[in-house]
Amino acid sequence: MQTVFDEHMDALRQEKHVLQIVEGSRLSRAALILHKGGVTELIKNGTADPSRCSYHFKSAIDCYLNDKKDASFQRKVFDYIKNICIGGNTTVIIQHEKTTGATLHDILRIALCEKLPSLINLDPIPCTQLLAEIFVDELDEILSSLERNQDELALFKFYHAVISGDLTKIDSVAGHVLLANMTIDHHQKYLELMAQFHPDMVYHHLTSSDSYRVEECLKLCQEYEIADASAYLLEKMGNVSSALQLMLQTLEGHLMTLKRAVRGLSLSTHQNKGKLMFTSRSLNTRCIVTNLSKGKEFQGVCQILTFGLDLCERNSGPSSNNDHGSQLWFNVLDRLMNSRSFLRLSKELPEHSEIMYNVLSDLLKMTMQRLVSSVPLSDLIRKITTEHTGSHLGELRDMLTALLSAFSSELEVGGGAANAMLYDVKKLSGSLFHLKVKDTRAHALSKCYTESSVVPILCISSRGDVSIVKDAGFHGEEKENKRDHTSRLRSKRLKKTIGKVRCTGKAKVRHGMLSHMDKIFQLGESSDAAFMTRHIGILSEAEHLGRLI
């Protein structure tokens, strides 16, 4: 017995010595083979030392993670963990003096929790998918271990992968399982971490989810000074005026930041010296504004203004349950029109002032395009006639210009739609005319019935394709009536043609293949007959003057 124990200890010492040599040489993949062997020993032998095998399991994970030169090899760690934790008898009870009643599943879970932050930082989606498949019943313990590791960023990535729906897009089953186990406290913790690491995501999450406590979230957003989210929560609590006021104050702050960014622009020396013509200077200013719109300062202004306009739309439409009406929109307009005064653009350089004037004009147009669909025209006229009576319009001129510009854009869109409709009508008319003269397929098909007493009724589609709808039997008497009608029609038209030729003082009559309905259609009047499917096989009333000879 002593000999077996000594042999086992010698093997352990040799294994430890080999590991030291391999790890000292930074041969991670060779060390991975040795550590995998240590883990396999626990699976095959229930009397092995759990701490030693747990060490090998964590070290094998480190061997994958430390191979940063090969990203695809790093991601294989998730497959390895899944195979180890699912394969074999994970419910076996380890019989060892250091462990009493612990299962293989428990030992692997405890070891995995220590490496979980590194795995989440590698890729949170497969990591959360792995936990949903293996350790979903111990979700609270896993989240508690993440909080004890004090890696809040990894905890945020875990929550975000589950709550945002990223995991559901990859694995709908695992995503719904983890999301069903999330409580309101988990959602609240997710919002707290989001406000800390990604405050720009808070507003979108609040508008798309209801799993949070409004008052706690409001205090959180005010603590981290997230204006858009705070305004949304104030609106949700019924304080719409305070919400809009907060948005407008934030808008002023973003405009001041944008003005400082404009001050730092390096403008052309030719423009500063005034050597360019006015049109060239205007074009240059517009180019500067276009480039400025790509910066984060301008995007911040547009984003906060968009949030404010969304608030106005939600609380001024017919479906809203408050009495604010159009006043919310007018508050935004007044703040934009008075922005020149609080920005003190008159004291800035002319080039900088011109750029800011163009920016404010764009913001005003953006507001007016949203306003015209929500504010009644009577309210807008009342505002002009009551608040600006006897004035020379002043700042209101920009608002009216923006309103007319928006109306002009709508007229252009309507005119383009009308032109497109006329083009389609003209194309359809040509298609119908082509269909009337395209009768070769119908004649070719009707030859099969010349010797029969049955005459087919054919249907011609808009593309000229002919198909048999049904068969109708015509007796000899009906055929004779058909010939009589045809002969009388020919003689009647021949008399009309001869009479018109003898009238030399009258205008020449142009013979064509247009019916009376087609002529009405060309004059702009609608006719249902122009769009109906035409049937061939039975003569209708005479309409085509000059067609039969």
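Reading guide: rules and limits
- Residues numbered from 1 in each chain as written.
- Predicted model: local features only at pLDDT ≥ 70, side-chain atom pairs only at ≥ 80, totals over all residues.
- Heavy atoms only, no water.
- Phe/Tyr/Trp six-rings, centres within 6.5 Å; stacked < 30°, edge-to-face > 60°.
- Helix = DSSP H or I, 4+ residues; strand = E, 2+ residues; numbered from the N terminus.
- Buried < 20%, exposed > 50% of the residue type's maximum accessible area, 1.4 Å probe, protein only.
- Contact = heavy atoms within 4.5 Å.
- Patch = residues over 30% accessible without salt bridge, like charges linked within 9 Å, V, L, I, M, F, W, Y side chains within 5 Å.
- Areas by Shrake-Rupley, 256 points an atom, 1.4 Å probe, with all protein chains shown as cover.
- Salt bridge = Lys/Arg side-chain N within 4 Å of Asp/Glu carboxyl O.
- Lys, Arg positive; Asp, Glu negative; His and termini not counted.
- Charge placed at Lys NZ, Arg CZ, Asp CG, Glu CD.
- Axes fitted to C-alpha atoms, helices over the stretch in contact; angles between N-to-C directions.
- Parallel < 35°, antiparallel > 145°, perpendicular 65-115°, else oblique.
- Left-handed = near helix turned anticlockwise from the far one by under 90°.
- Nonpolar A, V, L, I, M, F, W, Y, C, P; charged D, E, K, R; others polar.
- pLDDT = per-residue confidence, 0-100.
- Arc of directions from axis to C-beta.
- Expected span 1.5 Å × (residues − 1).
- Bend = angle between axes of the 7 residues up to and from the residue.
- Disulfide = S-S within 2.5 Å.

Caption draft 1: Representation of the packing of aromatic side chains within the structure. Under the counting rule described, the total for this entry stands at 9 aromatic pairs. Their ring planes at 40° and their centres at 6.3 Å tell us that Phe-156 and Phe-197 sit as a pair that is tilted. Placement of Phe-156 in helix H9 (residues 152-163) and of Phe-197 in helix H12 (residues 184-197) is noted, with a sequence separation of 41 residues between them. According to the relative accessible area criterion, Phe-197 is partly exposed, its value standing at 30%. By way of ring pairs, the aromatic residues Phe-156, Phe-158, Tyr-159, Tyr-190 and Phe-197 are connected into one cluster.

Caption draft 2: Geometry of the side chain of Glu-235. Following the sequence through the fold, Glu-235 ends up in helix H15 (residues 227-236). Judged by its relative accessible area of 11%, Glu-235 is buried. Glu-235 has contacts with Val-240, Ala-243, Leu-311, Arg-314 and Asn-315, leaving out every residue within four places of it along the chain.

Caption draft 3: Up close: a negative patch on the surface. There is a patch of like negative charges on the surface, built from Glu-147, Glu-152, Glu-192 and Glu-223. Its place among the elements puts Glu-192 in helix H12.

Caption draft 4: View of the packing of helix H3 (residues 50-65) against helix H6 (residues 104-122). In the contact formed by H3 and H6, the axes pass within 9 Å of each other and the chain directions differ by 15°. Comparing the axis directions of H3 and H6 gives the class roughly parallel. In the crossing of H3 with H6, the sense of the turn from one axis to the other is right-handed. Contacts between H3 and H6 involve Pro-50, Ser-54, Phe-57, Lys-58, Ile-61, Asp-62 and Leu-65 from the former and Ile-107, Leu-108, Ala-111, Leu-112, Glu-114, Lys-115, Ser-118, Leu-119 and Leu-122 from the latter. Residue composition of the contact of H3 with H6, by class: 10 nonpolar, 2 polar and 4 charged.

Caption draft 5: Up close: the pattern of salt bridges. In total, this model carries 15 salt bridges according to the counting rule given. For Asp-106, the salt bridge is made with Arg-109, and the minimal N-O distance between the two is 3.5 Å. Taken together, the positions of Asp-106 and Arg-109, both in helix H6 and 3 residues apart, correspond to about one turn of that helix. You can call Asp-106 partly exposed: its relative accessible area is 24%. By relative accessible area, Arg-109 is classed as buried at 11%. Residue Asp-185 is joined to Arg-213 by a salt bridge in which the shortest nitrogen-to-oxygen separation is 2.8 Å. Remark: Arg-213 occurs in the loop between helix H13 (202-208) and helix H14 (214-223) and Asp-185 occurs in helix H12; sequence separation between them is 28 residues. On the basis of relative accessible area, Asp-185 is assigned to the partly exposed category, the value being 46%. Connected via shared salt-bridge partners are Asp-106, Arg-109 and Glu-141.

Caption draft 6: Local environment of the confidence of the model for the chain. Scored by pLDDT, the chain comes out at a mean of 75, with 63% of its residues at no less than 70. Below a pLDDT of 50 lies the segment residues 269-280, which in the model reaches 9 contacts outside its immediate sequence neighbourhood of four places, other chains included. The model gives residues 440-453 a pLDDT under 50, and that stretch makes 16 contacts with residues more than four places away or in other chains.

Caption draft 7: View of helix H8 (residues 139-148). Every buried residue of H8 is listed here: Leu-139, Ile-142, Leu-143, Ser-145 and Leu-146. All buried residues of H8 lie within an arc of 155° about the axis, which places them on one face of the element. Residues of H8 that are exposed and point more than 90 degrees away from the buried face comprise Asp-140 and Arg-148. Close packing links the buried residues of H8 with H6, helix H7 (124-134), H9, helix H11 (172-180) and H12.

Caption draft 8: Spotlight on H6. The first and last C-alpha atoms of H6 sit 25 Å apart over 19 residues, in line with the 27 Å expected at 1.5 Å per residue. At Lys-115, H6 is deflected by roughly 55°, the largest bend along its length, and proline Pro-117 occurs up to four residues later in sequence.

Caption draft 9: Structural detail: the environment of Leu-244. With respect to the secondary-structure elements, Leu-244 resides in helix H16 (residues 240-263). According to the relative accessible area criterion, Leu-244 is buried, its value standing at 3%. Measuring from C-alpha to C-alpha, the distance between Leu-244 and Leu-311 comes to 7.4 Å, with 67 residues separating the pair along the chain. Excluding residues that lie within four positions of it along the chain, Leu-244 makes contacts with Gly-308, Leu-311, Cys-312, Leu-328, Asn-331 and Val-332.

Caption draft 10: Structural context of the state of the cysteines. The tally for this structure, following the rule as stated, stands at 0 disulfides. Residue Cys-217 stays outside any disulfide, its sulfur separated by 6.2 Å from that of Cys-221, the closest cysteine. Given a relative accessible area of 1%, Cys-217 falls into the buried group.

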